[in-house]
Amino acid sequence: MSAKAFEALSKSLESEHSPQTAHSQEKSDNENNEKIVVARKNLIRFGSLAVLAFVVWLFATIAWFTMNRETSAGGMSIKTAGMPFEISVDAPYTTRPDYSPIIESEFGYSTTIHETGGSTDAIKWVMTDDTFDSTNPNRGLRPGSKGSFTFNIVPKSVGTYTIYFKPNLTGYYAEFNYSSGTQVINPESIKTDASDNYILQTLSERATAKHEEYLELTEAGNTADANIAQKEETACTKAETFLNGHILIFEAYEDGCYSKLRPINQTFSKEFTFTQAQIDSNAKIPVTIYWIWPNTFGQFLLDEGNTRLHDKAMFDSEQAAISGVTPRQELINYICAHPNYYFESTNASITSGSTLPAYIEGAMGDSPDNLLSLSNGYNNADQIIGENIQILLAEMTVGLTEE
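Cut-offs and rules
Residues numbered from 1 in each chain as written. Predicted model: local features only at pLDDT ≥ 70, side-chain atom pairs only at ≥ 80, totals over all residues. Heavy atoms only, no water. Helix = DSSP H or I, 4+ residues; strand = E, 2+ residues; numbered from the N terminus. Buried < 20%, exposed > 50% of the residue type's maximum accessible area, 1.4 Å probe, protein only. Contact = heavy atoms within 4.5 Å. Areas by Shrake-Rupley, 256 points an atom, 1.4 Å probe, with all protein chains shown as cover. Salt bridge = Lys/Arg side-chain N within 4 Å of Asp/Glu carboxyl O. Core = buried A, V, L, I, M, F, W, Y, C linked by side-chain atoms within 4.5 Å. pLDDT = per-residue confidence, 0-100. Axes fitted to C-alpha atoms, helices over the stretch in contact; angles between N-to-C directions. Parallel < 35°, antiparallel > 145°, perpendicular 65-115°, else oblique. Left-handed = near helix turned anticlockwise from the far one by under 90°. Nonpolar A, V, L, I, M, F, W, Y, C, P; charged D, E, K, R; others polar. Pairing = 2+ DSSP bridges.

A tally of helices and strands in the chain yields eleven helices and eleven strands. In the chain, buried positions account for 49% of the 403 residues. Across the chain, the fraction of contacts at a sequence separation of at least 24, relative to all contacts at a separation of at least 6, is 74%. Working note: accessible area of the chain is about 18,200 Å², and carbon and sulfur atoms make up 49% of it.

This is the structure in structure tokens:
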């Protein structure tokens, strides 16, 4: 389904959603929401394939942990010498033979390096999700994907230390040109040789290239192609922005519910006490981070059992508050502070941080139209991500906060 087709479907659903009796209104809401869910299940899988042509997997996902020994992060000073710990990962995370040699050569993920130290300041491996299906040729990160990744803090010096963590996501545009001219039907088929070419750019790099292309075409008087380049530049910029809100990271997951939101590109800290016994035994202290790309916006707002919920709820109204704020409200507050991370919409009520809180409150209550508009804006943003990103680099920088 193309972006235009999905937009047309969304508009038709909005026009169908007219007030009637309470019973018929509820029926209409459920039918329309069902249509949205059906549309989104096809949205990334088919819409992106039509755009990408040769690439049938949406994302290859590389995880990259970096030990920060030299710089500062988020205004915090970092000790530059005598790091009292290293970071490590366990071997199973490094084994994914089904991805392209292009990815291996460009990102250098390793099947042998599992701990930092010496000249090794980064660990990279290919990461899967809980919904990974090796029999599905359209596999890859997508709306509905979720999972976790665990790394270890390895004590090297006795003491109590505050360690910071900073997650980041980088989207890549990839375009492949195969000498055979045949369509690639699964990742195992992707091979490279001297006659095969490919383009691999971060979204920022591609946006810059498209802007330069726009200027050149405009100067040459080629308005039609200049407009296309400008639209592609805008799409890359938006896709990069939407990554900040559509793939969420949490520090805790219990009884099917998430808590302790850890926003992309923001630091959080944990205190660790290292003992001599841990050092002598080469102990590993595991740290697990949970991530999810929610399939529908209703997962943010509604509890299990709600008839308007079509995917598993992320939170529960009975979850305990942390520092006076429930996990659901913590995310809602973040959404309201950054609506540009979540929605592609012309509805000013959901793109403005001043009106969004009341609009979300209505969506959680007796205003199904509000939930439909929020869902449409969220789905449209997913479409832009799916059309412009083929490879995702998930990074976690780990460093020491100076006391």
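Moving on to unusual backbone geometry. Despite not being glycine, D255 shows a phi value in the positive range, around 55°. Topologically, D255 is positioned in the loop between β7 (248-254) and β8 (257-261). Of the residues examined, D255 reaches a relative accessible area of 74% and is grouped as exposed. Despite not being glycine, N265 has its phi angle at roughly 65°, a positive value. Positionally, N265 belongs in the loop between β8 and β9 (268-274).

What follows is about the pattern of salt bridges. A complete count under the given rule lists six salt bridges for this structure. For K210, the salt bridge is made with E232, and the minimal N-O distance between the two is 2.7 Å. In this pair, K210 is assigned in helix α4 (residues 203-219) and E232 in helix α5 (residues 223-246), connecting sequence segments 22 residues apart. As a salt-bridge pair, E251 and R262 come within 2.6 Å of each other at their nearest N and O atoms. One end of the pair, E251, is in strand β7; the other, R262, is in the loop between β8 and β9, and eleven residues separate them in sequence.

Attention now goes to the nonpolar core. Membership of the largest hydrophobic core comes to 67 residues, with the highest contact counts inside it found for I153, F300, L301, Y342 and L374. At six residues, helix α11 (residues 368-388) tops the list of elements feeding residues into this core.

Glancing now at the confidence of the model for the chain. Of all residues in the chain, 61% attain a pLDDT of 70 or more, and the chain-wide mean is 74. Counting contacts from residues 1-60, a segment whose pLDDT is below 50, to residues more than four positions away or on other chains yields 121 contacts. A low-confidence stretch, residues 92-99 (pLDDT under 50), is modelled with 22 contacts involving residues beyond four sequence positions or located in other chains.

Let us look at the packing of α4 against α5. The N-to-C vectors of α4 and α5 enclose an angle of 160°; their axes lie 8 Å apart at closest approach. By the angle class used here, α4 and α5 are roughly antiparallel. In terms of crossing hand, the pair formed by α4 and α5 is left-handed. Contacts from L203, S204, R206, A207, K210, H211, E213, Y214, L217 and T218 in α4 reach D225, A226, A229, Q230, E232, E233, C236, T237, A239 and E240 in α5. The residue inventory of the contact of α4 with α5, partitioned by class, reads eight nonpolar, five polar and seven charged.

The subject of this paragraph is the sheet that holds strand β4 (residues 146-155). The strands making up a sheet are joined through hydrogen bonds of the backbone, oriented either antiparallel or parallel. Reading across the sheet, the five strands line up as β2-β4-β10-β7-β8 and stay open at both edges, with antiparallel pairing between neighbours. The open sheet is flanked by β2 (85-88) and β8, the only strands paired with a single partner. Looking at each pair of strands side by side, their axes are set apart by 45° on average, direction ignored. Pairing of β7 with strand β10 (residues 285-292) involves three bridges; the strand directions are antiparallel.

Running from N to C, helix α8 (residues 327-337) and helix α10 (residues 356-364) point in directions that differ by 135°, and their axes come no closer than 9 Å. Here α8 lies oblique to α10, going by the angle between them. Here α8 runs over α10; the crossing is right-handed. Counting all contacts with α8, which are made through R328, I332, I335 and C336, the residues of α10 involved are L356, P357, I360 and M364. The class makeup of the residues in the contact of α8 with α10 is seven nonpolar, no polar and one charged.

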